[in-house]
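Spelled out, the chains give:
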Amino acid sequence: SMAARSRVHDLADMCAAGSRSLPSGWTALKMPHASPELWGNIVTALQRPMDSVADIEAAIRSYSPAAVASRWQFRGLQQYVAEMHPSERLDLFRTLLPQMARLALSMPALLPPAIPLLRQRSQDTVLFTRQQAACIVSNAFFCTFTTRHGRSSMPMINFAELFDNGTCVVKMHFVLNYFRRYFAAREPSWVIKVQRFSSVEPPWPTLAAPLQHVVVRSDGVLEEAAGCLQADFANRHLGGAVLRGGQVQEEIRFLLSPELLVSSLICEEMESEESVVITGTEQVSAYRGYARSLRWAGDHVDTTPFDGRMRETAIVAFDATKFLQEDLETQLQKRYLHRELRKAFAAFQPAVAPARVPIATGNWGC
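Residues numbered from 1 in each chain as written. Predicted model: local features only at pLDDT ≥ 70, side-chain atom pairs only at ≥ 80, totals over all residues. Heavy atoms only, no water.

A. Local environment of the packing of helix 6 (residues 86-105) against helix 10 (residues 168-184). Remark: helix 6 packs on helix 10, axes separated minimally by 11 Å, with the N-to-C direction vectors making an angle of 75 degrees. Here helix 6 is positioned roughly perpendicular relative to helix 10, judged by the angle of their axes. Contacts between helix 6 and helix 10 pair Asp91, Leu92, Leu96, Gln99, Met100 and Leu103 from the former with Leu176, Phe179, Arg180, Tyr182 and Phe183 from the latter. The residue makeup of the contact of helix 6 with helix 10, split by class, is 8 nonpolar, 1 polar and 2 charged. (Axes fitted to C-alpha atoms, helices over the stretch in contact; angles between N-to-C directions. Helix = DSSP H or I, 4+ residues; strand = E, 2+ residues; numbered from the N terminus. Parallel < 35°, antiparallel > 145°, perpendicular 65-115°, else oblique. Contact = heavy atoms within 4.5 Å. Nonpolar A, V, L, I, M, F, W, Y, C, P; charged D, E, K, R; others polar.)

B. The arrangement of the packing of aromatic side chains in detail. Tallying each qualifying case throughout the model produces 12 aromatic pairs. When the ring of Trp204 is compared with that of Phe345, the centres are 5.9 Å apart and the planes differ by 90 degrees; the resulting orientation is edge-to-face. Here the residue Trp204 occupies a position in the loop between strand 5 (191-198) and strand 6 (229-234), and Phe345 occupies one in helix 14 (residues 334-352), the gap between them amounting to 141 residues. Classification of Trp204 as partly exposed rests on a relative accessible area of 24%. Within the aromatic cluster, the residues linked to one another by ring pairs are Phe74, Phe141, Phe142, Phe159 and Phe163. One residue, Arg7, lies across the ring of Trp26, its end atom 4.3 Å from the ring centre. (Phe/Tyr/Trp six-rings, centres within 6.5 Å; stacked < 30°, edge-to-face > 60°. Buried < 20%, exposed > 50% of the residue type's maximum accessible area, 1.4 Å probe, protein only. Lys NZ or Arg CZ within 6 Å of the ring centre and 35° of its normal.)

C. Structural view of the sheet that holds strand 7 (residues 274-279). Read from one edge of the open sheet, 7 strands run 1-4-5-7-12-6-13, paired in mixed fashion. Of all the strands in the sheet, the pair left with one neighbour each is strand 1 (8-10) and strand 13 (359-360). (Pairing = 2+ DSSP bridges.)

D. Representation of helix 3 (residues 53-63). For helix 3, the complete set of buried residues consists of Val53, Ile56, Glu57, Ala59, Ile60 and Tyr63. On an axial view of helix 3, the arc spanned by its buried residues comes to 160 degrees, and they lie on one face. Residues of helix 3 that are buried in the fold lie against helix 2 (36-46), helix 5 (75-82), helix 6, helix 8 (130-141) and helix 9 (160-163). (Arc of directions from axis to C-beta.)

E. Representation of the pairing of strand 12 (residues 314-319). Counting buried positions along strand 12 gives 6 out of 6 residues, so the element sits mostly inside the fold. Taking every second residue as pointing to the same face, both faces of strand 12 are buried, with Ala314, Val316 and Phe318 on one and Ile315, Ala317 and Asp319 on the other. Of the pairings in the sheet, the one linking strand 6 to strand 12 comprises 6 bridges and is parallel in character. Each bridged residue has a counterpart across the sheet, and for Phe233 the counterpart in strand 12 is Phe318. In terms of strand pairing, strand 7 meets strand 12 through 4 bridges, oriented antiparallel. Each residue of the ladder has a partner; that of Thr279, found in strand 12, is Ala314.

The following block contains the structure:
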């Protein structure tokens, strides 16, 4: 059984209606333009020409909290730019970065000053347009979410720590390809849905229902499993270390579809009986390798069909408890087994209702 009533908030409709405030009962997540002083500083910084990494750094530092910004280095981004082909570097600073800055500064036209926060144990849903998602990712790149540095209950959203990480050299290929694809696209807009699920644990010892028949298939690729609920073996903070040094399953999935970062913006960390389903994101990049061998493998054309305004790609994020190899005995204790059953129950509920769909796990199962 579900734990609470569910509500839906459509940010596209909210903006179209000119509404600037949230209905009662929702917790507000303030956007950078909610503060006239902060937004004025951001506009001033991002309207200046950027011809080097030093210019990007100066812009971000100018509106960021000094105590946090003083610790940042931009060595990963510097290395990425230094390794670029001269023509690509020219295109980055002359064309792509100005486009990204304009997109970031379009936030007051695309988003209200406060959007809904998906709180723990809620059953709520937030809908974004493709343009709103791209605007959020661009603001994350320029680190304008200045109140989100070091907030423990929320995932990371700003790119500042990634810019100082060695994995930035690989990850920037994915991120910038997303923006190139966004600005080149002629497709109509689509909608991205972020939905939080919370479950009440069934009485496992007293259940008499037999296990269902299970069919396992070993063909196909996780991120291309159209029509399936795709597993994201997640961190409790959505996105994991995608904006730090992580390069494993969840981080790779977010790099292939950077629109997923909207979930990192609005979702509090997951509790033991929770999952989050993100529907409608586009995969724009291919990859090869894993962890240290991860590499961008070029553009990817996503052929997943649409259901109305939404691409039929559904990704369920759910986190396992982390145990070291020598902790096997602890892991098999009843309370920990129950925790993982609770988590799996929350994760697979969306696959059962309203229509039963297969689960795609890839090579995973942690």
